[in-house]
Amino acid sequence: MEPDASLSWLALALTPGLASRLSARLLKEFGSPEEVFRAPLPHLERCKLPAAVAQAVHKKQSFKRAEKELASTQRIDRCRLLNWTEPEYPSSLLQIYDPPVLLYVRGNAEVLAQPSIGIVGTRRPTLYGTQMAERLGREIAARGLVVVSGMARGVDAISHQGVVAVNGCAVGVLGTGVDVCYPKENKKLYEKVLERGAIISEFPLGTHPAPENFPIRNRIVAGMPLGVVVVEGAQYSGSLITARLAMEFGREVFAVPGNVTQPVSFAPNLLIKQGAKLVTNGEDVIEELPTPIRALLVKAERQETEQLNLLAAASLNSSEKKIFELLSVDEPSQIDDIVERSGLHSCEVLATLFDLEMKGIVRQLPGKQFSKVLL
């Protein structure tokens with residue numbers, strides 16, 4: 001964008017009380033932000049703006065803040081602004097009823113125009129949900145699709161970890177400014193996503209997490225991709241809201257079936273009842289995509305989980321093999337139980353488990369529990 005254009009779009013986005021839908025109304029009426037700010041006050045009031053908002057636009061009150069914001073944006077590495085007229089702005093977002101007027105983007109903006117799938121779910125997944133989120137992220141990314149998520153703790157972050165494991169591309173949609181990593185434990189993941197993908201937000205720099213920001217963020221997670229996969233979510237979860245938004249936007253909705261006795265299975269099981277596509281692996285998602293999209297994707301390597309685990313086990317030394325065979329995909333094992341069953345010293349067991357984690361075939365869970373990774 002030219003500097004003047006950037007400033008006008010930014011000033012529009014930063015005008016207090018001027019939400020996306022009101023901004024869209026003004027842009028439709030006047031054609032560009034520059035013309036919006038040139039409009040006489042009576043013309044602005046005819047667009048049914050609140051009086052205070054019309055005055056703020058007419059007096060260009062947000063321009064000083066926009067100048068500071070633009071300068072701050074330019075100081076952040078690989079950060080830029082995208083408005084509706086930019087070729088990298090996701091065309092799918094322009095199809096929803098309230099697309100963000102402006103996106104702050106860190107990383108590779110070109111990935112925003114590539115075919116993508118969203119993966120969402122609970123912040124407190126079960127072991128099964130954890131395994132499925134990582135598996136889906138890995139398999140979908142390995143086929144060449146971009147994986148979109150909100151980068152929250154739990155399913156969102158785990159799906160992106162699967163993407164990173166296969167050097168795929170991911171887009172993290174934040175409910176904060178792009179310069180604020182939330183939650184803080186996702187800092188390394190944030191940096192990994194920046195390497196090959198992008199971090200985006202419609203919120204100004206420095207915006208800290210607030211409960212009202214995340215539902216606003218979710219419409220981007222729902223509207224930008226071709227479809228959304230729900231892994232786990234409770235009855236009133238944000239993932240269920242995101243799925244319903246995706247339905248409203250005409251996107252495909254997928255759900256991983258869950259144990260009916262688990263509260264976090266409510267959302268995906270309900271969605272399946274309502275017609276969402278039941279998925280158990282990445283290929284179930286791929287086969288529902290439009291033919292032109294599928295034709296562009298890289299071919300999947302079809303190997304069963306058991307074969308992959310056998311291949312992984314074949315490369316292990318005797319201690320690694322012994323411990324690996326004691327672990328399960330479905331049920332985590334406590335460190336004390338592993339020590340007792342292996343007959344090895346606790347220091348050796350811990351060192352071996354660390355090596356297995358580094359090889360990507362064992363996962364550590366809270367409480368010093370370990371399980372095989374679902375390959």
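As a reminder, the structure under discussion sits directly above these lines.
Definitions and cut-offs
Residues numbered from 1 in each chain as written. Predicted model: local features only at pLDDT ≥ 70, side-chain atom pairs only at ≥ 80, totals over all residues. Heavy atoms only, no water. Helix = DSSP H or I, 4+ residues; strand = E, 2+ residues; numbered from the N terminus. Rg over C-alpha atoms; globule rule 2.2 N^0.38 Å. Buried < 20%, exposed > 50% of the residue type's maximum accessible area, 1.4 Å probe, protein only. Contact = heavy atoms within 4.5 Å. Areas by Shrake-Rupley, 256 points an atom, 1.4 Å probe, with all protein chains shown as cover. Lys, Arg positive; Asp, Glu negative; His and termini not counted. Charge placed at Lys NZ, Arg CZ, Asp CG, Glu CD. Phe/Tyr/Trp six-rings, centres within 6.5 Å; stacked < 30°, edge-to-face > 60°. Lys NZ or Arg CZ within 6 Å of the ring centre and 35° of its normal. Salt bridge = Lys/Arg side-chain N within 4 Å of Asp/Glu carboxyl O. Pairing = 2+ DSSP bridges. Axes fitted to C-alpha atoms, helices over the stretch in contact; angles between N-to-C directions. Core = buried A, V, L, I, M, F, W, Y, C linked by side-chain atoms within 4.5 Å.

**Q** Now, about the overall build of the protein chain: what can you tell me, with residues and values included?
**A** Looking only at helices and strands, one finds 18 helices and 12 strands in the protein chain. Since a compact globule built from 375 residues should have a radius of gyration of about 21 Å, the 23 Å found for the protein chain is in line with a globular shape. In terms of principal-axis extent, the alpha carbons of the protein chain reach across some 80 × 45 × 35 Å. By the burial criterion, 55% of the 375 residues in the protein chain qualify as buried. Put simply, 68% of the contacts in the protein chain that link residues at least 6 apart link residues at least 24 apart. Roughly 17700 Å² of accessible area belongs to the protein chain as shown, and the carbon and sulfur atoms make up 52% of that amount. In the protein chain, which carries 42 positive and 42 negative side-chain charges, the distance between the mean positions of the two groups comes to 5 Å.

**Q** Explain the packing of aromatic side chains residue by residue, including any values.
**A** In the structure shown here, the tally under the stated rule is 4 aromatic pairs. Between Y182 and F214 the ring centres are 6.1 Å apart and the planes differ by 40°, which places this aromatic pair in the tilted class. One end of the pair, Y182, is in the loop between β5 (170-173) and α9 (187-196); the other, F214, is in helix α10 (residues 213-223), with 32 residues separating them in the sequence. A residue is classified by how much of its surface remains accessible, and Y182, at 36% relative accessible area, is partly exposed. Over the ring of F214 we find R123; its NZ or CZ atom is 6.0 Å from the centre of that ring.

**Q** So what's going on with the pattern of salt bridges? Which residues, and what values?
**A** The tally for this structure, following the rule as stated, stands at 14 salt bridges. In this structure, R143 and E283 form a salt bridge, with 2.7 Å as the shortest nitrogen-oxygen distance. With R143 in the loop between α7 (127-142) and β4 (146-149) and E283 in helix α13 (residues 282-286), this residue pair connects regions lying 140 residues apart in the sequence. Taking relative accessible area as the criterion, E283 reaches 23% and is therefore assigned partly exposed. Through salt bridges with shared partners, a single ionic network connects R80, E86 and E88.

**Q** With reference to specific residues and values, describe the sheet that holds strand β9 (residues 277-278).
**A** Taken together, the 9 strands give an open sheet; going across it, the order is β1-β2-β6-β5-β4-β3-β7-β8-β9, and neighbouring strands pair in mixed fashion. Edge positions in the open sheet fall to β1 (79-83) and β9, since each of these has one partner strand only. Note that β1 and strand β2 (residues 102-107) share 5 bridges and pair antiparallel. Within β2, the residue paired with C79 across the bridge is R106. Lying on the sheet, helix α6 (residues 63-75) is in contact with β1 and β2; it crosses β1 at an angle near 130°. Packing of α7 onto the sheet brings it into contact with β3 (116-120), β4 and β7 (227-230), and relative to β3 it is tilted by some 175°.

**Q** Which residues make up the side chain of S116, and what are the values?
**A** Checked against the element boundaries, S116 lands in strand β3. Setting aside residues no more than four positions away along its own chain, S116 makes contact with L145, V146, V148, M224, P225, L226 and G227.

**Q** Lay out the nonpolar core in plain terms, naming residues and giving numbers.
**A** Taken as a class, soluble globular proteins show a tendency for nonpolar side chains to be buried jointly. If you look at the biggest cluster of nonpolar residues, it comprises 65 residues, and the most contacted ones within it are L44, L49 and V229. The element contributing the most residues to this core is helix α1 (residues 3-14), with 7 residues. With residues up to four places along the chain from it excluded, the contact list for V229 reads I117, G118, I119, V120, L136, F254, V256, V279 and V285. Listed in part, the 33 residues of the second largest apolar core include L103, V111, M224 and A267.

**Q** Can you lay out the side chain of S265 for me, pointing to particular residues and giving the numbers?
**A** Tracing the backbone shows S265 in the loop between β8 (252-255) and α12 (266-273). Classification of S265 as buried rests on a relative accessible area of 2%. When residues no more than four places from it in sequence are discounted, the contact partners of S265 are G233, G258 and N259.

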